[in-house]
Every structure is written in structure tokens, then in C-alpha cells.
Amino acid sequence: MYLPPHDPHVDDPMRFKPLFRIHLMERKCATVECMYGHKGPHNGHIQIVKKDEFSTKCNQTDHHRMSGGRQEEFRTWLREEWGRTLEDIFHEHMQELILMKFIYTSQYDNCLTYRRIYLPPSSPDDLIKPGLFKGTYGSHGLEIVMLSFHGKKAKGTKITGDPNIPAGQQTVEIDLAHPLQLPDIENLRDFSELSRIVLEVQEQVRREEQEQEHRQEEEDCSQQAASQPAAKPLGGEGAEGEETAAGAEGTTQDKAPASQPFVLPMGVISRNEDYPRTCRICFYGTGLIAGHGFTSPERTPGVFVLFDDDRFGFIWLELKSFSLYSRIKVSFQNAEAPSREAFDEMLKNIQSLAT
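Residues numbered from 1 in each chain as written. Predicted model: local features only at pLDDT ≥ 70, side-chain atom pairs only at ≥ 80, totals over all residues. Heavy atoms only, no water.

**Student:** Could you give an account of the pairing of strand 4 (residues 30-34), naming the residues involved and the relevant values?
**Tutor:** For a regular strand, side chains alternate in direction, first toward one face of the sheet and then toward the other. Pairing geometry for strand 3 (residues 20-24) and strand 4, over five bridges, is antiparallel. Residue pairing for strand 4: Arg-21 is matched across the bridge by Glu-33. In this structure, the hairpin formed by strand 3 and strand 4 is closed by a connection of five residues, where Arg-27 is found at a positive phi of approximately 60 degrees. Of the pairings in the sheet, the one linking strand 4 to strand 5 (residues 42-50) comprises two bridges and is antiparallel in character. Residue pairing for strand 5: Glu-33 is matched across the bridge by Asn-43. (Pairing = 2+ DSSP bridges. Helix = DSSP H or I, 4+ residues; strand = E, 2+ residues; numbered from the N terminus.)

Printed below as a string of C-alpha cells:
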């Protein structure tokens with residue numbers, strides 16, 4: 001198991017923890033040992049479920065238990081997973097979330113299912129190289145996100161989840177067609193100024209989506225008319241104008257300075273204050289928030305901040321919170337990356353499994 005570093009140190013390396021091992025014997029026999037717990041290897045079982053999926057089961061779960069009961073297990077888990085003790089955590093809400101995560105994870109320590117992760121395909125046109133990133137998620141600690149590019153969109157999909165947003169959900173979505181021009185460094189400290197800029201772009205995106213739906217309806221009506229070449233839909237000139245505008249945005253992006261000063265607005269909470277103080281470019285985006293148990297999920301506006309090839313951030317406007325992401329540089333032995341179409345289809349399957 002590859003575990004993220006202790007919160008909030010996103011730039012630290014991943015931590016490694018063995019979960020099971022297989023001894024190949026003579027006559028094509030094999031024994032499986034579960035490595036979970038603190039009492040040494042013990043009897044387990046492994047089963048191939050289907051392509052790219054298998055499961056393991058522990059046959060001696062008493063090896064997972066501790067003499068001090070659940071309280072000792074929780075304190076040990078907290079020390080290993082979070083690098084701290086219960087006495088270090090003063091915030092009551094954070095204590096509640098951590099305890100909830102412990103209960104969730106300890107329920108499945110005897111039977112685990114593994115599915116292969118296909119890394120997203122890359123293209124020379126991508127903003128940065130896609131891949132896996134460690135990100136800060138407030139009181140939930142560090143989580144793993146997969147960044148992928150899909151035309152004018154970029155998506156951050158959770159590989160590990162929490163009691164609010166499970167694995168497989170799109171935690172952030174970036175609109176690459178709408179770069180944001182941040183105010184100067186002094187005005188950037190004013191949260192209301194940043195909020196005004198983001199909400200204006202959100203309204204612009206909403207209008208463009210409505211216009212696109214309207215044009216699509218007109219095109220459908222034209223195609224259902226007599227079998228003559230489809231008439232140019234109303235608003236065609238507007239469409240051309242939008243293409244020109246998009247091109248202008250692309251030009252603006254090309255002419256953007258290599259870096260610009262960056263600072264978080266006053267009142268925005270960050271688990272890691274050691275974020276870069278310069279950035280390359282920012283885009284409008286949305287972040288997924290929900291209640292416990294993934295109740296009442298909704299996409300809320302935010303700002304995607306690209307710092308460099310290996311780090312980016314996201315300002316959650318509604319939560320007044322900032323997440324910092326750092327690339328995972330472990331050399332995983334992954335299956336060959338599929339095509340973008342196949343990857344998009346697998347991404348949908350992962351999300352359906354998670355829900």
C-alpha cells in the first residue's frame with residue numbers, strides 16, 4: 001500500500017506498507033500471507049475476480065486486534081497514519097472526521113478488493129503532464145487525486161476518498177477555456193475582489209452553456225426539416241464571435257508572463273502555508289462538496305492555480321479553503337496508458353463503482 005505523507009507535507013515522499021505476500025511452492029502450489037496488523041505474517045487467501053481485479057481475505061483476523069482493544073488500535077492508527085497523537089488534535093470537528101475515517105477503514109481490514117489504475121494518456125497540448133497528485137483536504141488530511149485532460153476540460157478524480165466525497169468522484173473540474181486574470185498582489189489579498197472575478201466568470205460560463213443548448217436545439221430542428229442542406233443556425237455569427245474570443249483567450253494565455261506573484265486572500269484557510277508565492281496561470285473551475293455519506297453533492301466555483309509542472313492549487317470559494325497538490329514521483333509499474341476514449345470510458349466506470 002502506498003500511503004500519502006503525513007498531513008500537510010504534500011512534497012514529502014509516499015510511504016510504503018506491505019499488505020500481503022505470496023510464497024510460490026513446488027508443484028504449482030502457493031501460500032498467501034496477510035501482512036496487516038502488528039503480530040507478523042499470518043494465513044490469508046487471494047482470488048482473481050476478473051481482468052484487472054483481484055481480492056484478498058485474511059483467515060486470522062485476530063492478528064489484526066490489539067490487547068488494548070479499539071482504543072489502542074485507534075491511537076496506533078492515528079500515530080502511523082497521521083503522525084500525531086489524539087492530544088495533538090484540539091479541533092473537535094477534526095477529531096470527529098478522523099474517528100469516522102478510522103471506523104470506515106477498519107471495517108475492511110480483513111477483505112480487500114484491488115483494481116488496476118490506468119494512468120491517463122498524455123498529449124503535447126496538455127497544460128502539464130497528467131498523473132497522480134497528493135492533495136490537502138482540510139481535516140480529512142492528504143488524499144490522492146488523478147489529474148487528466150479532456151480537450152478544453154481538466155479533471156481531478158479522487159483515487160482515495162473520505163466520508164464526504166468517496167473515491168471515483170471528480171473532486172475538481174478545470175475550465176481551460178476560461179483563464180482568470182488575477183488582480184495585483186495587494187488587491188488579491190481582498191477575498192471579496194477575487195470572489196467578484198470568479199462569480200463574473202461563472203455567470204459568463206452559464207450564459208455560454210445556455211447559448212450552446214439553444215444552438216443545438218436549432219440545429220436539431222434544421223436537420224429534421226426537409227432533406228436539404230441544413231441552414232446555418234441562428235446565432236451562427238455569435239458562434240464565430242465566440243471562437244474568435246476563445247482564440248483571443250488562447251493568445252492571452254500564450255502571452256501571459258512566465259510567472260506572476262501569488263498570495264492567498266485574507267480569510268482563506270490553508271493546511272499548508274508553505275505554498276509557492278508565484279504562479280504561471282489560473283483558470284476558472286468547480287469543486288465538488290457534499291455532506292457526510294456523500295449527501296447533497298454540489299459543484300461550487302473556485303480557482304485552479306498552476307504553480308509549476310509538479311504543483312497546482314485550488315481555492316474553494318464557498319469553503320474559503322485552499323488545497324495544495326504535489327505530483328507523486330514514485331515509479332509505479334503501470335499498465336500501458338489507454339487511448340483517451342478508452343480512458344474516459346474507464347473513468348465513468350470508476351465513478352459508477354464509487355457511487
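Further notes follow.
**Student:** Account for the environment of Ala-290, naming residues and giving values.
**Tutor:** Note on placement: Ala-290 falls in strand 15 (residues 281-291). Considered as a pair, Ala-290 and Pro-163 are 127 residues apart in the sequence and their alpha carbons are 9.4 Å apart. Apart from residues lying up to four places away in sequence, Ala-290 is in contact with Asn-164, Ile-165, Thr-295, Ser-296 and Pro-297. (Contact = heavy atoms within 4.5 Å.)

**Student:** Run through the pattern of salt bridges, naming residues and quoting values.
**Tutor:** Applying the stated criterion across every chain yields a total of 21 salt bridges. Close ionic contact of Arg-70 with Glu-73 constitutes a salt bridge, the shortest N to O distance being 3.1 Å. Residue Arg-70 and its partner Glu-73 are both found in helix 1 (residues 69-82); the two are separated by three residues, about one turn of the helix. A salt bridge links Lys-158 to Glu-143; the shortest N-O distance between them is 2.7 Å. Here Lys-158 is found in strand 10 (residues 153-158), whereas its partner Glu-143 is found in strand 9 (residues 142-150), with 15 residues between them in sequence. Grouping residues by exposure puts Lys-158 and Glu-143 together as buried. Connected through shared salt-bridge partners, Asp-11, Asp-308 and Arg-311 make up one network. (Salt bridge = Lys/Arg side-chain N within 4 Å of Asp/Glu carboxyl O. Buried < 20%, exposed > 50% of the residue type's maximum accessible area, 1.4 Å probe, protein only.)

**Student:** With reference to specific residues and values, describe the confidence of the model for the chain.
**Tutor:** Mean pLDDT over the chain works out to 83, with 84% of the residues at or above the 70 mark. Confidence drops under pLDDT 50 across residues 230-256; counting only partners more than four residues distant or on other chains, this segment forms 19 contacts. (pLDDT = per-residue confidence, 0-100.)

**Student:** Explain the environment of Glu-193 residue by residue, including any values.
**Tutor:** Topologically, Glu-193 is positioned in helix 4 (residues 191-224). Measuring from C-alpha to C-alpha, the distance between Glu-193 and Leu-182 comes to 9.4 Å, with eleven residues separating the pair along the chain. Excluding its chain neighbours within four sequence positions, the residues that come into contact with Glu-193 are Pro-183 and Asn-187. Of the polar contacts made by the side chain of Glu-193, one reaches the side chain of Arg-196; its length is 2.7 Å. (Polar contact = N/O pair within 3.5 Å; in protein donor to acceptor, adjacent residues only side chain to side chain.)

**Student:** Pulling in residues and values, what's your account of the pairing of strand 8 (residues 131-136)?
**Tutor:** Buried residues dominate strand 8, accounting for six of its six residues. Direction of pairing for strand 8 relative to strand 9: antiparallel, over a ladder of six bridges. Looking at strand 9, one finds that Gly-135 is bridged to Glu-143. The turn joining strand 8 and strand 9, which pair antiparallel and follow one another in sequence, is formed by five residues; a positive phi near 55 degrees is taken by Gly-138.

**Student:** Quick one: what's the story with the environment of Arg-70, residue by residue and with numbers?
**Tutor:** Accessibility expressed as a relative area gives 42% for Arg-70, which makes it partly exposed. Beyond its immediate sequence surroundings of up to four residues, Arg-70 is in contact with Arg-65, Phe-102 and Ser-106.

**Student:** Any chance you could break down the packing of aromatic side chains for me, citing the residues and the numbers?
**Tutor:** Applying the stated criterion across every chain yields a total of 18 aromatic pairs. Ring centres 5.2 Å apart and planes at 35 degrees place the aromatic pair Phe-304 and Phe-312 in the tilted group. Here the two residues Phe-304 and Phe-312 agree in accessibility, since each one is buried. Among the aromatic side chains, those forming a connected cluster through ring pairs are Phe-133, Tyr-137, Phe-283, Phe-304, Phe-312, Phe-314, Trp-316 and Tyr-325. A cation over a ring is seen here: Lys-158 above Tyr-137, with NZ or CZ 4.5 Å from the ring centre. Cation over ring: Lys-320 sits above Phe-191, and NZ or CZ is 4.7 Å from the ring centre. (Phe/Tyr/Trp six-rings, centres within 6.5 Å; stacked < 30°, edge-to-face > 60°. Lys NZ or Arg CZ within 6 Å of the ring centre and 35° of its normal.)

**Student:** Which residues make up the layout of surface pockets, and what values do they have?
**Tutor:** Of the volumes computed, that of the second largest pocket is approximately 650 Å³. As for the second largest pocket, its lining consists of 25 residues, and the residues nearest its centre are Tyr-137, Gly-138, Ser-139, Leu-319 and Ser-321. Within the residue set of the lining of the second largest pocket, elements represented by two or more residues are helix 2 (92-106), strand 13 (269-270), strand 15 and strand 18 (321-327). Residue classes in the lining of the second largest pocket are distributed as eleven nonpolar, eleven polar and three charged. Looking at which domains feed residues into the lining of the second largest pocket, each of domain 1 (2-115) and domain 2 (131-196 + 257-353) gives three or more. (1 Å grid on protein atoms, 1.4 Å probe; cavity = no way out; pocket = protein on both sides within 12 Å on 5 of 7 lines; lining within 4 Å. Points joined across faces, edges and corners; volume = space filled by probe spheres on them. Nonpolar A, V, L, I, M, F, W, Y, C, P; charged D, E, K, R; others polar. Domains from an automatic or database assignment.)

**Student:** Report on helix 2, specifying residues and quantitative values.
**Tutor:** In this model, helix 2 (15 residues) spans 21 Å end to end at C-alpha, consistent with the 21 Å of a helix rising 1.5 Å per residue. Among all positions in helix 2, only Met-94, Leu-97, Ile-98, Met-100, Lys-101, Phe-102 and Ser-106 are buried. Buried-residue contacts for helix 2 involve helix 1 and strand 9. (Expected span 1.5 Å × (residues − 1).)

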